[in-house]
Amino acid sequence: MRSKSLLFLFQFVLGISLFAQENISVQTAIFEALKNNFDIQVSELQTDIAEKNNTWSEAGLFPTVTLQIGQNNIIIDNTNNPFTFTPGIILNQNVSPTLSANINLFSGFLVKVSKLRLEQIEEQTKGNAIVVMEATIQDVMRTYFTAILQKERMKLYQTIMANSQRRLKYNELKYDYVAGNSLELLQFKNQYLTDSSNYLLQKLTYDNALRNLLLIMNTQTDTSYTILPNLTDSLNYNLPNIDYNKAFEQMFANNQNLRNQYISLKL
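Definitions and limits used
Residues numbered from 1 in each chain as written. Predicted model: local features only at pLDDT ≥ 70, side-chain atom pairs only at ≥ 80, totals over all residues. Heavy atoms only, no water. Helix = DSSP H or I, 4+ residues; strand = E, 2+ residues; numbered from the N terminus. Contact = heavy atoms within 4.5 Å. Areas by Shrake-Rupley, 256 points an atom, 1.4 Å probe, with all protein chains shown as cover. Axes fitted to C-alpha atoms, helices over the stretch in contact; angles between N-to-C directions. Parallel < 35°, antiparallel > 145°, perpendicular 65-115°, else oblique. Left-handed = near helix turned anticlockwise from the far one by under 90°. Nonpolar A, V, L, I, M, F, W, Y, C, P; charged D, E, K, R; others polar. Polar contact = N/O pair within 3.5 Å; in protein donor to acceptor, adjacent residues only side chain to side chain. Salt bridge = Lys/Arg side-chain N within 4 Å of Asp/Glu carboxyl O. Buried < 20%, exposed > 50% of the residue type's maximum accessible area, 1.4 Å probe, protein only. Core = buried A, V, L, I, M, F, W, Y, C linked by side-chain atoms within 4.5 Å. Arc of directions from axis to C-beta.

1. A few points about the overall build of the chain
Summing up its helical and strand segments, the chain has eight helices and four strands in all. Counting from the amino terminus, helix and strand elements in the chain follow one another as α-β-α-α-α-β-β-α-α-β-α-α. Contacts in the chain between residues at least 24 apart in sequence constitute 76% of all its contacts with a sequence separation of at least 6. Working note: accessible area of the chain is about 19400 Å², and carbon and sulfur atoms make up 58% of it.

Given below as structure tokens:
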């Protein structure tokens, strides 16, 4: 009777987790994380600022005109001063406009150097944005396939639990027909409860892995993470043969971190 109750509990928990589930592939998870990642949004804004600053006017090529207006207000209260010749409240207002124009005739090629520096800053900002996106994609893929690995382990524990349940039912029938003893039945019950506990612990580990994935994706649909998604991809992936020399060359040719460090050295 106790084993039937435990089986009903497992089925109920599994049914709740599968209710209204959303199917998520690794590609969907990556796109969702790239769209909702705040670091990427900040990097995009920094890139826009660097692009707008990368102009010849910002480098100092064109003349600049500055208009400034200053206003000074002074209030003197002589209402309670018996030694003044001007009783009452005196208000003095002063407005002073200033117009200045600056033009750079020659500064030792400073304008060209400043423009080159602005171009390098823009390139560095774009490189930083690419690094943030690459790190986000890497985190999503690592978390996604870690969750799939925990899912496969959960299936394995579920299979072990089902085998323990079948052996327990078989020994219960043997005990009912006086073909087994109580010690063996107790051992099989203990084994079934141990396998059931392992399955529940693994299911919690799998649910936590899914919550970590949703946290990286930064989804706003369910902030409490009560409805967990269903992962559609699998761990079956055929890796191509990798040539060491070609991989070594591509590492230096396409490594954005090395490019950013090189730009920093130039700056």
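Here the narrative resumes.
2. A look at the packing of helix H5 (residues 110–176) against helix H8 (residues 256–266)
One way to put it is that H5 packs onto H8 with a least axis distance of 9 Å and a crossing angle of 155°. Between H5 and H8, the angle falls in the class roughly antiparallel. Helix-helix and strand crossings are classified by hand; for H5 and H8 the assignment is left-handed. For the pair H5 and H8, contact is made by Gln120, Glu123, Gln124, Gly127, Asn128, Ile130, Val131 and Glu134 and by Gln256, Asn257, Asn260, Ile263, Ser264 and Lys266, respectively. Looking at the contact of H5 with H8 residue by residue, the classes come out as three nonpolar, eight polar and three charged.

3. Digging into the environment of Gln71
Inspection of the secondary structure puts Gln71 in strand E2 (residues 64–77). For the pair Gln71 and Gln93, spaced 22 residues apart in sequence, the C-alpha separation works out to 7.2 Å. Excluding its chain neighbours within four sequence positions, the residues that come into contact with Gln71 are Asn94 and Val95. A polar atom in the side chain of Gln71 sits 3.5 Å from the side chain of Asn73.

4. Some thoughts on the pattern of salt bridges
Tallied over the entire structure, the rule returns six salt bridges. Salt-bridge contacts for Lys115 lead to Glu119; the nearest nitrogen and oxygen are separated by 3.0 Å. Of the two residues, Lys115 and Glu119 both sit in helix H5, four residues apart, roughly one turn of that helix. In this structure Lys115 comes out as buried when scored by relative accessible area, which is 9%. Taking relative accessible area as the criterion, Glu119 reaches 36% and is therefore assigned partly exposed. Close ionic contact of Glu122 with Lys126 constitutes a salt bridge, the shortest N to O distance being 3.3 Å. One end of the pair, Glu122, and the other, Lys126, are both in helix H5, four residues apart, so they sit about a helical turn from each other.

5. Here's the deal with the nonpolar core
The nonpolar side chains of soluble globular proteins are, as a tendency, buried together. Counting residues in each nonpolar core, the largest one holds 23 residues, and the members touching the most others are Ala29, Val140, Tyr144, Leu210, Leu213, Met217 and Leu231. Of all the elements, helix H6 (residues 182–217) adds the most residues to this core, at nine residues. Setting aside residues no more than four positions away along its own chain, Tyr144 makes contact with Ile24, Ser25, Val26, Ala29, Leu213, Leu231, Thr232 and Asp233.

6. Let's talk about H8
All of the buried residues in H8 are Gln256, Asn260 and Ile263. With its buried residues spanning 60° around the axis, H8 presents them on a single face. Exposed residues pointing more than 90 degrees away from the buried face of H8 are listed as Gln261, Tyr262 and Leu265. Its side-chain oxygen at 3.0 Å from the backbone nitrogen of Asn257, Asn255 defines the N-terminal cap of H8.

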